[in-house]
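Listed below, chain by chain, are the residues.
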Amino acid sequence: MTNDHAIVVEGLHKSFGDVHALAGIDLVVPRGSVLGVLGPNGAGKTTAVKVLTTLLAPDSGRAIVDGRDVVAEAEAVRRSIGLAGQSAAVVDELSGRENLEFIGRLFHLSAAESRTRASELLESFGLTDAAERRAKTYSGGMARRLDLALSLVAHPRVLFLDEPTTGLDPRARNDMWAVIRQLVAEGTTLLLTTQYLEEADELADDIVVFDHGKVIAQGTADDLKDTIGGDVVEFTVEDKGTVATALRAVSGCGEGEPSATEEGEITVRAGRNGSAVLLEVVRRLDKSKLTVFGLGVRRPSLDDVFLALTGHKADDDDEIEGAA
Amino acid sequence: MSTYTADLTSKLRFGAYDALVLTRRNLLVWFKVPAFIVFTVIQPVMFTLLFRYVFGGAISTGLKGGYVSFLLPGVIGQTAAFTSFGTAISLAFELQKGTIDRLRSMPIARSAVLLGRLGADLIRLLITVLIMIAVGYAVGFRFSGGVGGAALMIVYSLLMGLAMCCISAFIGLAIKDEESVQAFGLIWVFPLTFVSSAFVPVASMPGWLQAFANNQPVSQMVGAMRALALGHPPQAPYGDHLWLGPLWMVAVMAVFIPLAVRTYRRA
Ligand SMILES: Nc1ncnc2c1ncn2[C@@H]1O[C@H](COP(=O)(O)OP(=O)(O)OP(=O)(O)O)[C@@H](O)[C@H]1O
Ligand SMILES: [Mg+2]
C-alpha cells in the first residue's frame, strides 16, 4: 500500500511547549501527484514539512516518505527528497553556479558532473545569464528559482516546497508556477504549502486545509469551492436608494438569494459558473437602467474558505500569532 | 562484520569528504566578503601595532627584545579567541537563513556542517597568525626558541582557536539569531583575554585579579606559547607549564563539542 504512495502520514503530533503545532495529522499523497497544504500563519505547515524532511522529530505518529520512515530511516529518506524551505536558502556570497556546484559535490558528483548539472538547471530555470553573479544581487523571484534548482540537483523523487511564491510579484509567481508545472509533468511527487487558495487551485491535485495543527478540510479545489459556495459576483450600486431595486433585478441569477451590505455592495453567489452568472447579472442591470461600479467575478479566497469552514477569518487569530 | 567495517570506513571517508567540501565553500565565502577580511586580518594587525607602539613604552617586561617579544604570543592568543566570533555569527546566520536546514535534509554526514565550519575557521586563523608573525618580525619580534618552538607555538594557537570556536559554535547554535550573536557573542572573550597575561605581566595587576589571571586558560595557553616562541623554560611570566594550557583546551572541547552537537541536532 505504501508503495503507490509517496507520502503517508498517520496521527502526527508535534508540540513546542504549549503550542500544538501538529495536533494529529493524517495525509496520503499518491506517487506523481501534487498535494497542496493550505493554511494561514501558524497553522503548522512548516512544522509538517520539517517533520517530513527529517529536520524535526515528531512527538508521536508516523510518517513514511518514499517507503521509508522519516525517523527510523532518516538517512534513506534524505536520498529521495528535495526541500525548498520557506526562505530562499542560497549562499548570498556565491554565484548561482557556485551554489549549485557545491550542492552537486555534496551529493558526491564529480567536479565535471556538478558543472554539467548546474548548467542544466540554470538553463531550465532561466538563470543562465545571471549564473556568474552573486546570489545576493538576484531578485526575489530569481533567488526563489535558484533555491528550487538547488533542491533538484540530485533528481529527488519527492519534492517539498514551503510557500514557494510568498512575497513574489504576480509575474514572478507565474514564472514559478510554470517551473513547478514542468517538474510535475516529469513525474515528481510534490507537497507544496501555500497561503493562497488560487495557488493550490492552479498547481495541486488535492488540497488539505490546515488550521491549528489539524486538517479541517480535504479534497480537490472544486470540492473546496463547493463547500464554500464557489465564485462570487459582486457590484456596488451608485445610489444607495436603489439597493432594493437592484436586489430584485438580480434575484435568481445565482445560487440562493443575493445579499447587500449597508454600503450598497451586492453579492451574488455563483457556484462554479461565475462567468455565466456575471453575464446574466449584466443583462438584468442593463435592462433595469441601474448605475453600478466595481462589477466583477471574484474567486473565493483563503478567507472565504476559512469563513465557511471555521466561522473565523484566517488572520484574526492572535492566540497562535502571539506564540510565533 | 566485514561489511560493517567497510561501511564504517566508507562512512568516515564520506564524512571527511563532506566536511572538506563545506570547508572549501566557507573559505570561498570568506574570501568574497571584504568585511570578513578586515575582521580577520586587518584588525589583528592593528592590535599588534597599537599595543606595540602605544602601550609598549609603558609596560616593562624585563624580556630581551622588549615588549614586542612579550606581546606577539599574547596578541596571537587573543586573535585565536576573537576568531571564534566568526564561527558563532556564521552558524547563527546559516540557521536563520535556512542553508543549514537544506544541508540537514541532504544525505551528508551529520558532522559535516560543524566540521566544515571549524575547518574553515582554523585555516582562516592560520593565515591570520602567519600574517601577524610577519608583521611582528617587521616591528622587532624574533623567535628565539628555534624552528621547533615556533612551529609548536603555531600549533598551540590553532588548538586554542579550535577550543574557542567550539564554545562559539555552541553559542551561535543556541542563540540562533545573528543580531543577538553580534551583540553578545563576544562578551565572554573580553575578560578572558584582557584579564590574562596576554598583554601585560600579571604581576602588574591588583592582587585579587592576579589569582584569576594567573590560573585561567588563556593565560596558561599564552604563557606556554610565549615559552615556546622565546625558548625559555616554562616559568613566570612565560607560563608555568607547557601542558596545562592544552589540557584546559581539551577540557573545554570535551564539554563544548557534545553541547554544540546536541544543540545542532535540535536546532
Ligand atoms: N521552533 C519552534 N519553537 C516554538 N514554537 C514553534 C517553533 N516552530 C513553530 N512553532 C509554533 O508552531 C506553530 C506552527 O508553526 P508553523 O511554522 O508550522 O506554521 P506555518 O503554517 O508554517 O505558518 P506560516 O504561514 O507563518 O509559515 C506556530 O504557532 C509557531 O509559533
Ligand atoms: Mg511556514
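The structure under discussion appears in the preceding block.
The following paragraphs examine the structure supplied in this document. (Residues numbered from 1 in each chain as written. Chains lettered and ligands numbered in written order. Predicted model: local features only at pLDDT ≥ 70, side-chain atom pairs only at ≥ 80, totals over all residues. Heavy atoms only, no water.)

## Structural notes on the coordination of the magnesium ion (ligand 2)
All names here are of chain A. Here the magnesium ion (ligand 2) is held by the protein donor atoms Thr46 (OG1) and Gln86 (OE1), which lie 1.8 to 2.2 Å from it. In this pair, Thr46 is assigned in helix α1 (residues 45-52) and Gln86 in the loop between β6 (81-84) and α3 (96-106), connecting sequence segments 40 residues apart. Under the relative-accessibility criterion, Thr46 is labelled partly exposed at 25%. (Donors = N, O, S within 2.8 Å, 3.2 Å for Na, K, Ca; no water. Helix = DSSP H or I, 4+ residues; strand = E, 2+ residues; numbered from the N terminus. Buried < 20%, exposed > 50% of the residue type's maximum accessible area, 1.4 Å probe, protein only.)

## Regarding the sheet that holds strand β5 (residues 68-69) of chain A
Residues and elements named next belong to chain A. Strand order in the open sheet made by the four strands is β2-β1-β4-β5, with antiparallel pairing throughout. Two strands bound the open sheet, and with one partner strand each, they are β2 (19-30) and β5. As paired elements, strand β1 (residues 5-16) and strand β4 (residues 60-65) share five bridges and run antiparallel to each other. In the strand pairing of β4, His13 is matched with Ser60. (Pairing = 2+ DSSP bridges.)

## A word on the interface of chain B and chain A
Contacts between the two partners involve 24 residues from chain B and, on the opposite side, 31 residues from chain A. When chain B packs against chain A, close to 2,500 Å² is buried across both sides, 60% of that on carbon and sulfur atoms. By the criterion of area lost to chain A, the three top residues of chain B are B:Lys32, B:Arg102 and B:Pro107, representing 28% of everything that side buries. The salt bridge partner of A:Asp147 is B:Arg102, with a shortest N-O separation of 2.7 Å. Where chain B meets chain A, there are 10 residue pairs in polar contact (both at pLDDT 80 or more). (Contact = heavy atoms within 4.5 Å. Buried area = accessible area lost by both parts, 1.4 Å probe. Salt bridge = Lys/Arg side-chain N within 4 Å of Asp/Glu carboxyl O. Polar contact = N/O pair within 3.5 Å; in protein donor to acceptor, adjacent residues only side chain to side chain.)

## Regarding helix α3 (residues 67-97) of chain B
Its 31 residues give α3(B) an end-to-end C-alpha distance of 45 Å, which sits within 8% of 45 Å, the value for a rise of 1.5 Å per residue. B:Gly98 lies just past α3(B) and shows a positive phi near 100 degrees. (Expected span 1.5 Å × (residues − 1).)

## What to know about the packing of aromatic side chains
Residue and element names in this part refer to chain B. Considering all chains together, one arrives at 13 aromatic pairs over all chains under this definition. Ring centres 6.1 Å apart and planes at 20 degrees place the aromatic pair Phe47 and Phe51 in the stacked group. Of this pair, Phe47 and Phe51 are both found in helix α2 (residues 34-55), four residues apart, which corresponds to roughly one turn of the helix. Arranged with centres 5.5 Å apart and planes meeting at 75 degrees, the rings of Phe82 and Phe190 form a pair that is edge-to-face. Highlighted residues: Phe82 in helix α3 and Phe190 in helix α8 (residues 189-194), separated in sequence by 108 residues. (Phe/Tyr/Trp six-rings, centres within 6.5 Å; stacked < 30°, edge-to-face > 60°.)

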